[in-house]
Amino acid sequence: VHPVPGATRLGRHAVAPVARPGFVLAEGPILVSLARPQDWDGWAQARGVALPARRVAFESTSLAIQAALQGMGAAITAPAFVAEELRTGALALLD
């Protein structure tokens, strides 16, 4: 059981993709954290979905989240890290 709908447990961490409301994951790009580069592929494999080919890499998850807030694509993170942004509607969980 995952604490947030759309979250997928990868090892000890539950992660989910987030983006500005209205973002379509299939159209990409995905924003990849070089600190956790395996998260997107692990999530997609667990969900049985294909990821868009276009990826933009960032040094950290925080930078990927900031880019998602600017509408540059979808980041993947623990929902708890973006709880306020989800609450206010600045970001939405993608499923």
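Residues numbered from 1 in each chain as written. Predicted model: local features only at pLDDT ≥ 70, side-chain atom pairs only at ≥ 80, totals over all residues. Heavy atoms only, no water.

A.B. asks: Help me understand the overall build of the chain in this model?
C.D. replies: Along the chain, the regular secondary structure elements total 3 helices and 6 strands. Secondary structure of the chain in N-to-C order comes out as β-β-β-α-β-α-β-α-β. Buried residues in the chain amount to 44% of all 95 residues. A separation threshold of at least 6 residues defines the contact pool for the chain, and within that pool the share at least 24 residues apart is 67%. Taken as a whole, the chain presents about 5,300 Å² of accessible surface, with 55% of it coming from carbon and sulfur. (Helix = DSSP H or I, 4+ residues; strand = E, 2+ residues; numbered from the N terminus. Buried < 20%, exposed > 50% of the residue type's maximum accessible area, 1.4 Å probe, protein only. Contact = heavy atoms within 4.5 Å. Areas by Shrake-Rupley, 256 points an atom, 1.4 Å probe, with all protein chains shown as cover.)

A.B. asks: Sorry, what's going on with the pairing of strand β3 (residues 30-33) here?
C.D. replies: Along any regular strand the residues' side chains alternate between the sheet's two faces. The alternating pattern of β3 places I30 and V32 on one face and L31 and S33 on the opposite face, and all of these are buried. Looking at chain direction, β3 and strand β4 (residues 55-58) are connected through 4 bridges and run parallel. Across the sheet, the residue bridging to V32 is A57, located in β4. Once you follow β3 into helix α1 (residues 38-47) and on to β4, the crossover reads as right-handed. (Pairing = 2+ DSSP bridges. Right-handed = clockwise from strand over helix to strand, strands pointing away.)

A.B. asks: Would you mind going over the pattern of salt bridges with me for this structure?
C.D. replies: Should their charged atoms come close, side chains of opposite charge can pair. For the structure shown, the criterion picks out 3 salt bridges. Residues R36 and D39 are paired through a salt bridge, measuring 2.7 Å at the closest nitrogen-oxygen approach. For R36, a relative accessible area of 26% corresponds to the partly exposed category. The buried category is assigned to D39, whose relative accessible area is 3%. E84 is paired through a salt bridge with R87; the nearest N and O atoms lie 2.7 Å apart. Remark: R87 and E84 occur in helix α3 (residues 83-88); sequence separation between them is 3 residues, near one turn of the helix. On the basis of relative accessible area, E84 is assigned to the partly exposed category, the value being 43%. (Salt bridge = Lys/Arg side-chain N within 4 Å of Asp/Glu carboxyl O.)

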